[in-house]
Amino acid sequence: MNLMEYQGKELFRRSGIPVPRSQHCTTPDEVAAFIKKNPGKWVVKAQVLMGGRGKAGKIKFATNADEGRTVAHEIMATPMPPNRQNPNGEAIKSLLVEETLDVALEAYCAISVDRTTKKPAIIVTKFGGMDVEEVHEKHPESFSTLFVDTAIGYSPFIGRKLAFSSDLDAGYRKAFPAILAGMYDLFFKYGAKLVEINPLVLTKDGRVIAADAKVELDDDALFRHPEFKEWQTVLPLDEDESLATDAGLGIRNFRRFGGTVGTMANGAGLAMGTMDAVKNAGGEIANFLDVGGGANAERVRNCYELVVNHTNAKVFFINIFGGITRGDEVAKGIVEALNTTKSRKIPLVIRLTGTNEEEGRRILAQAGMTPVETMDEGAKRAVELAGAS
Amino acid sequence: MSIFLDKNSKVFVQGITGAEGSYHTGRMLAYGTNIVGGVTPGKGGQKTEHGLPVFNTVEECLAATGATHQCIFVPPAGAADALFEAYEAGVRFSVCITEGVPVHDMLRVVGATPGMRIIGPNCPGLISPGKSSIGIMPGHVFKEGNVGLISRSGTLTYEVVDGLTRAGLGQSTCVGIGGDPIIGTTFVDCLREFKNDPQTKAVVICGEIGGSDEEEAAAYVKEHLAGMPIVAFIGGRNAPPGKSLGHAGAIISGGFGTPQSKIAAFQAAGVPVADRPSEIPKLLAERMAAIA
């Protein structure tokens, strides 16, 4: 679960990380009222999960209440423009009105989980304020990384060491170890996968402040923090993701490609392998579909409807290699789907092996269906049928 | 031989009375796994439907049965606790099937259990064909032989093994290491064991996009296993475009993680990379012939 800036900053505040004075607003009138009560120069920032707010004109300045209302209207009038990863853009539902900082320098720091060392990794560079991938291209040598021994946890020497090795300006040095302590505290306490400050600002009057906040919480740990339920804001689902959710699948378990061979397999690895097999057999893939582990008859039925009704499939290749998924359950789902569906009927090619395959094959045989033996054979047969129909 | 697991390994199942635990205990027993009991707090003293003794704690289970290998089927919130309980009781080999274990729980576990071999979490387990199986792999597709197999995916493993078995290439041990960000056992850990296993004459590595485990495996092969016939496969080359991973993660792995990077690393180590699972047996047979 990715947090919005204002949510991340709320966690920063609770963890003792200095953030600019701010007010979270949901309407232009709220923005105007806040600025009226608190005269000064304010920055109004769209609260979205997508990046690139500045370039999209979704961060604007206001020096009085009327200006605040106007820029708030302008920001909220249109959604964030779409990009490759978010083809629908993102609606802007709230704003953060924040104290403007007199910036002297901008740095970058983050804590994430490192797969290789199996430890929390702290990363620092003195070049902040721009896309961190860009920094990595321009100044790859500027990054200092330290892996934290979880038995020791965070200790201030880590902050000192990183401040020196990344050549942070002397102005940062006093505040930096305590800021990292707060980040580490947040990282562990809330089960975060990423805590990132970009930029970490050094102001002209010598304060060190987190000007932005990016926090990703571990979805698998959310059961320990029911208080975040109300914070669950997600990017709007694209059409494939909505269809997947409606069918009771995970949002990444279904994607369409426009071809004529519909596919379904259990497990992402096998689902991708199934697509490769169809391509290798000369076919065009209609979709990726991972029915998941332990799929029951009902889920199989939903997936059948999903592929038949929402893709260009002329044939449906079902490739099940049961481990935790039971062949008899899948077979039941297929037969039920065929018996109850009101959708168009397309030829099925079924490969069913692994756990309870005999029982599954028996159920299919009773319904007059004979499964193929291998994935490549099934792919070949499916491609032939797609061409013939 | 074989690695990690043979027919004498005494296995206990944590969560043995739960739906999944009970079902797969039956399947493991049918395969020949030497399961000596299980643990479900509050059900100590009872017998399972398979006639196995149930204990309240791991300590009691070990004292009564002499079990050495743990198999975990508990819900995600209890997985780390099950691992800690086993470690404290002296268990040094565990397989965690559970999916959805919080990543910070695994950070704590791997940091605090030196000397413990943990397979998983979020994995299908491991099998030494003809001897024993711990986890959820469908036993009948495997065949005893000389090929070691390591995989990050579950169902793709079965696919690859099915091909090997049909081609007459039996397996020494197949390990599903799991797909989570933090796992107990990596490709390299398994390669080290295969290197010293007299039964294993060849190895198949089934990788996936993301992370740098495959690149490290390739580096290890280059350094230590030049004389072993090895074939790799990378799943997810046509993966649907996903949401970007955390930038910080991408930077640590320094450009690793793409299929191109992994394929290049294996090729540089002299390891052929199959374009599809069904090519693996042929490529492996060629490598075995070339090296012999």
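All figures in this text were calculated on a predicted structure; none of them were measured in a lab.

## So, the overall build of chain A
Part 1 of the reasoning: Across its full length, chain A carries 12 helices and 15 strands.
Part 2 of the reasoning: Seen through its C-alpha atoms, chain A measures out along the principal axes to roughly 80 × 50 × 40 Å.
Part 3 of the reasoning: The 389 residues of chain A split such that 49% are buried.
Part 4 of the reasoning: Long-range contacts, defined here as pairs at least 24 residues apart, represent 69% of the contacts in chain A between residues at least 6 apart.

## Focus on the overall build of chain B
Part 1 of the reasoning: Secondary structure assignment for chain B yields 10 helices and 13 strands.
Part 2 of the reasoning: For chain B, whose C-alpha radius of gyration is 19 Å, the value lies close to the compact-globule estimate of 19 Å for 292 residues.
Part 3 of the reasoning: Dimensions along the principal axes, computed over C-alpha positions, put chain B at roughly 55 × 45 × 30 Å.
Part 4 of the reasoning: A burial count over chain B gives 56% of its 292 residues as buried.
Part 5 of the reasoning: Taking as baseline every contact in chain B between residues at least 6 positions apart, the subset at least 24 positions apart corresponds to 71%.

## Examining the domain arrangement of chain A
Part 1 of the reasoning: The assigned domain composition of chain A is domain 1 (1–20 + 101–235), domain 2 (21–100) and domain 3 (239–388).
Part 2 of the reasoning: Look at where the C-alpha atoms of domain 2 of chain A and domain 3 of chain A centre, and you get two points 46 Å apart.

## Focus on the pairing of strand β5 (residues 93–96) of chain B
Residues and elements named next belong to chain B.
Part 1 of the reasoning: Relative to β5, strand β4 (residues 69–72) is paired through 4 bridges, and the arrangement is parallel. Bridge assignment links H69 to a residue of β5, and that residue is F93.
Part 2 of the reasoning: Crossover connection from β4 via helix α3 (residues 76–89) to parallel β5: handedness right-handed.
Part 3 of the reasoning: Handedness of the β5-helix α4 (residues 103–112)-strand β6 (residues 117–119) crossover: right-handed.

## Some remarks on the confidence of the model for chain B
Part 1 of the reasoning: Summing up the model confidence of chain B, the mean pLDDT is 91 and the portion of residues at 70 or higher is 93%.
Part 2 of the reasoning: Contacts for the low-pLDDT stretch residues 241–247 of chain B, under 50 throughout, to residues beyond four places or in other chains number 10 contacts.

## So, the sheet that holds strand β9 (residues 144–151) of chain B
Residues and elements named next belong to chain B.
Part 1 of the reasoning: Strand order in the open sheet formed by 7 strands is β8-β7-β10-β9-β11-β12-β13, and the pairing between neighbours is mixed. Two strands lie at the open edges of the sheet, namely β8 (132–135) and β13 (273–274), each paired on one side alone.
Part 2 of the reasoning: Relative to strand β12 (residues 230–235), strand β11 (residues 202–208) is paired through 6 bridges, and the arrangement is parallel. Among the inter-strand pairings, I205 is bridged to a residue of β12, identified as A232.

## Some thoughts on the interface of chain B and chain A
Part 1 of the reasoning: Each partner contributes residues to the interface: chain B has 46 residues there, and chain A has 51 residues.
Part 2 of the reasoning: Per-element accounting of the side of chain B that touches chain A gives the leading share, 7 residues, to α4 of chain B.
Part 3 of the reasoning: When the residues that make up the side of chain B that touches chain A are grouped by side-chain class, the tally is 23 nonpolar, 17 polar and 6 charged.

## Comments concerning the packing of helix α5 (residues 156–165) of chain A against helix α6 (residues 176–189) of chain A
Residues and elements named next belong to chain A.
Part 1 of the reasoning: Two elements in contact, α5 and α6, have axes whose closest approach is 8 Å; the angle formed by their N-to-C orientations is 120 degrees. With respect to each other, α5 and α6 are oriented oblique. In the packing of α5 onto α6, the handedness of the crossing is right-handed. Here P156, I158, G159, R160 and A163 of α5 come into contact with α6, specifically with F176, P177, L180 and A181.
Part 2 of the reasoning: In the contact of α5 with α6, the residues fall into 7 nonpolar, 1 polar and 1 charged.

## Section: the nonpolar core
Part 1 of the reasoning: With 138 residues, the main nonpolar core has V261, V278 and A382 of chain A together with V204 of chain B as its most contacted residues.
Part 2 of the reasoning: Among the elements that take part in this core, helix α8 (residues 268–280) of chain A stands out by supplying 7 residues, more than any other.
Part 3 of the reasoning: What A382 of chain A contacts, discounting residues up to four positions off in sequence, is V261, V278, G283, V315, F317 and V349 of chain A.

## Describing the sheet that holds β4 of chain B
Residue and element names in this part refer to chain B.
Part 1 of the reasoning: The parallel open sheet is built from 6 strands, whose spatial order is β3-β2-β1-β4-β5-β6. Each edge of the open sheet is held by one strand with a lone partner, namely β3 (54–55) and β6.
Part 2 of the reasoning: Bridging between strand β1 (residues 11–14) and strand β2 (residues 35–39) involves 4 bridges; their strand directions are parallel. If you follow V13 over to β2, its bridge partner there is G38.
Part 3 of the reasoning: Most of the contacts of helix α1 (residues 19–31) go to β2, to which it runs at about 175 degrees, and overall it touches β1 and β2.
Part 4 of the reasoning: Sitting on the sheet, helix α2 (residues 58–65) touches β1, β2 and β3, and the angle it makes with β2 is about 160 degrees.

## A closer look at α8 of chain A
Residue and element names in this part refer to chain A.
Part 1 of the reasoning: For α8, which comprises 13 residues, the first-to-last C-alpha distance of 18 Å matches the rise-based estimate of 18 Å (1.5 Å per residue) to within 8%.
Part 2 of the reasoning: Among the 13 residues that make up α8, 11 are buried, leaving the element largely enclosed by the rest of the structure.
Part 3 of the reasoning: Listing the buried residues of α8 in full gives A268, G269, L270, A271, M272, G273, T274, M275, D276, A277 and V278.
Part 4 of the reasoning: Once α8 ends, the next one or two residues include G282, with phi positive near 90 degrees.

## Some remarks on unusual backbone geometry
A negative phi angle is the norm for most residues apart from glycine, just as the trans form is the norm for most peptide bonds.
Part 1 of the reasoning: In this structure, P199 of chain A follows N198 of chain A across a cis peptide bond, with omega equal to 10 degrees.
Part 2 of the reasoning: Within the fold, P199 of chain A resides in strand β8 (residues 192–203).
Part 3 of the reasoning: Across the junction of G120 of chain B and P121 of chain B, the peptide omega takes the value 10 degrees, indicating a cis bond.
Part 4 of the reasoning: Positive phi values are uncommon outside glycine, yet F4 of chain B reaches one of about 65 degrees.
Part 5 of the reasoning: Looking at the element boundaries, F4 of chain B is found in the segment before β1.

The rules we used
Residues numbered from 1 in each chain as written. Chains lettered and ligands numbered in written order. Predicted model: local features only at pLDDT ≥ 70, side-chain atom pairs only at ≥ 80, totals over all residues. Helix = DSSP H or I, 4+ residues; strand = E, 2+ residues; numbered from the N terminus. Buried ≥ 20, exposed ≤ 12 C-beta atoms within 10 Å, placed from the backbone. Contact = placed C-beta atoms within 7 Å. Rg over C-alpha atoms; globule rule 2.2 N^0.38 Å. Domains from an automatic or database assignment. Pairing = 2+ DSSP bridges. Right-handed = clockwise from strand over helix to strand, strands pointing away. pLDDT = per-residue confidence, 0-100. Nonpolar A, V, L, I, M, F, W, Y, C, P; charged D, E, K, R; others polar. Axes fitted to C-alpha atoms, helices over the stretch in contact; angles between N-to-C directions. Parallel < 35°, antiparallel > 145°, perpendicular 65-115°, else oblique. Left-handed = near helix turned anticlockwise from the far one by under 90°. Core = buried A, V, L, I, M, F, W, Y, C linked by C-beta atoms within 7 Å. Expected span 1.5 Å × (residues − 1).

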